[in-house]
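Okay, here's what each chain looks like letter by letter:
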Amino acid sequence: MRAVLWNGTRDVKTETVPDPGIEQPGDAVIRVTSSGLCGSDLHLYEVLGPFMTPGDVLGHEPLGVVEEVGPGVTSLVPGQRVVVPFQISCGHCPMCDTGLQTQCDNTRVDSQGTGASIYGYSALYGSVPGAQAEYLRVPRAEANAIPIPGQGPDDRYVFLSDVLPTAWQAVKYADVPRGGSVAVLGLGPIGEMACRVAAYLGAERVFGVDPVPERRARAAARGVEVFDSAAGDDVVDAIRDRTDGRGPDAVIDAVGMEAQGHTSARVAQRAAAMMPKGAAAKLMETAGVDRLSALRTAIELVRRGGTISLIGVYGGMADPLPMLTLFDKQIQLRMGQANVRHWAPDILPLLDDEDVLGVQDFATHHLSLEEAPEAYRRFQEKTDGIFKVVFTP
Ligand SMILES: NC(=O)c1ccc[n+]([C@@H]2O[C@H](COP(=O)([O-])OP(=O)(O)OC[C@H]3O[C@@H](n4cnc5c(N)ncnc54)[C@H](O)[C@@H]3O)[C@@H](O)[C@H]2O)c1
Ligand SMILES: [Zn+2]
Ligand SMILES: [Zn+2]
């Protein structure tokens, strides 16, 4: 099959690799018909390179058709359309039962000290072959393939694999009071969807911050009050002015560890990505290489007693944090990978003809797997209005 492979820092290629097959009785193999490109893939493309091996298949946002099931799978049949959560969970351990599929007792990557394994997401998350490919092996398929109820187009459901539950969790964890205000830092696919979800769930004022003009324009078109992060402290002042001088009730950081505006950490990240693999991985795990400018803005911006919800991915260790401010402002912090299956039942009913969240025209580009090298490059550069790519193998 054709698949998108990690080949080095800022280097992916599309190649032919062996088709996956059934390995365990609980497996299914799906023929992938749509597969998203995510901001999380950009972390692998650059700073998380030390945890990748050339030839790793990328991608974790698939939708497809069941091709084959193992003898232990009774609830899925070949021909059925399914969307696949980005993390793999067992569906029946105490962690899964409480809705924390990302912490699943049976799929955690204990050798790395990390949570549930994730398709195409480096040694840190189990080195599981990813979904930007023609076929995908889905382990524990009954817990990890969500049957699609309707006949709608792929774009109606594909974002249930990651973008929708991630944005949903970001908003739920932000705990915005009804009629309250929230600022979303980062207006990429996750941040912009979080703005939509926040408004849908009752936030009165939604502020959005991003350095990319087209991204701000896209959010503004749906009623978000937008600001350019390049304005620095002025953004904090401007949003405070609009919230009675207090700051918003909640701030969502949908930027993560590669925030713009933090030069020294950017140099450290780039250096680490170029070092020999073992040494680089050690440095990433033990040093403060996250670029914290978005998180610092969040801490500064949120009102006293407010909540910060981190949904952007962080990966370093010893970054200095303004503990005095966090403590003094009595800030609540919540974070983590999204528990996809936990939120799916709330979201699925919204994926109908009414399309309140606007998923059907959310993607800006539908591309072949062969176009992946160019797509990764342009998505990282954020050029040509590229916003959300869905590969159609
Ligand atoms: N927690 C989860 O389960 C989960 C799931 C998916 C994605 N993510 C993470 O969410 C983040 C966003 O993903 P995405 O797909 O939207 O990616 P993206 O890279 O398109 O979005 C990041 C956005 O942040 C903007 N930005 C950069 N520096 C900024 C700053 N200082 N202030 C404000 N905005 C800034 C960028 O211009 C970009 O628009 C990534 O870190 C990704 O790894 C987390
Ligand atoms: Zn993703
Ligand atoms: Zn479990």
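The rules behind these values
Residues numbered from 1 in each chain as written. Chains lettered and ligands numbered in written order. Predicted model: local features only at pLDDT ≥ 70, side-chain atom pairs only at ≥ 80, totals over all residues. Axes fitted to C-alpha atoms, helices over the stretch in contact; angles between N-to-C directions. Helix = DSSP H or I, 4+ residues; strand = E, 2+ residues; numbered from the N terminus. Parallel < 35°, antiparallel > 145°, perpendicular 65-115°, else oblique. Contact = placed C-beta atoms within 7 Å. Nonpolar A, V, L, I, M, F, W, Y, C, P; charged D, E, K, R; others polar. Domains from an automatic or database assignment. Near = placed C-beta within 6 Å. Buried ≥ 20, exposed ≤ 12 C-beta atoms within 10 Å, placed from the backbone. Pairing = 2+ DSSP bridges.

A short note on the packing of helix α5 (residues 163–174) against helix α13 (residues 340–347)
At their nearest, the axes of α5 and α13 sit 9 Å apart, and the two run at 90° to each other. Judged on the interaxial angle alone, α13 and α5 are roughly perpendicular. Packed against α5, whose contacting residues are L164, P165, W168 and Q169, the element α13 presents V340, W343, A344, D346 and I347 at the interface. Partitioning the contact of α5 with α13 into residue classes produces seven nonpolar, one polar and one charged.

Describing the environment of V17
Secondary-structure assignment places V17 in the loop between β2 (11–16) and β3 (28–37). In sequence terms V17 and S122 are 105 residues apart; their C-alpha atoms lie 18 Å from each other. When residues no more than four places from it in sequence are discounted, the contact partners of V17 are M1, A3 and V57.

Observations concerning the domain arrangement of the chain
Under the domain assignment used here, the chain contains domain 1 (2–162 + 339–391) and domain 2 (164–335). Inter-centroid distance (C-alpha atoms) of domain 1 to domain 2 is 24 Å. Of the residues lining the interface, 26 residues belong to domain 1; the matching set on domain 2 comes to 27 residues. Secondary-structure elements contributing two or more residues to the side of domain 1 that touches domain 2 are α1 (39–45) and α13. Broken down by element, the residue count for the side of domain 1 that touches domain 2 peaks at five residues, all from α13. Here the residues of the side of domain 1 that touches domain 2 are counted per class, giving 13 nonpolar, eight polar and five charged.

Here's the deal with the site of ligand 1
Close to ligand 1 lie 34 residues; G39, G186, G188, S229 and G256 are nearest. With four residues, the single largest contributor to the shell around ligand 1 is α1. Both domain 1 (2–162 + 339–391) and domain 2 (164–335) contribute no fewer than three residues apiece to the shell around ligand 1.

Observations concerning the environment of H43
In this structure, H43 sits in helix α1. Judged by the 22 C-beta atoms lying within 10 Å of it, H43 falls in the buried class. On a C-alpha basis, the gap between H43 and T9 in space is 9.9 Å, while along the polypeptide they are 34 residues apart. With residues near it in sequence (within four places) discarded, H43 still touches L48, M257, E258 and V313.

Focus: the sheet that holds strand β10 (residues 181–185)
The six strands lie next to each other as β12-β11-β10-β13-β14-β15, forming an open sheet whose pairing is parallel. On the outer flanks of this sheet lie β12 (225–227) and β15 (332–335), each paired with one strand and no other. Averaged over all pairs of adjacent strands, the angle between strand axes in this sheet comes to 20°, irrespective of strand direction. Both β10 and strand β11 (residues 205–209) contribute to a ladder of five bridges, which runs parallel.

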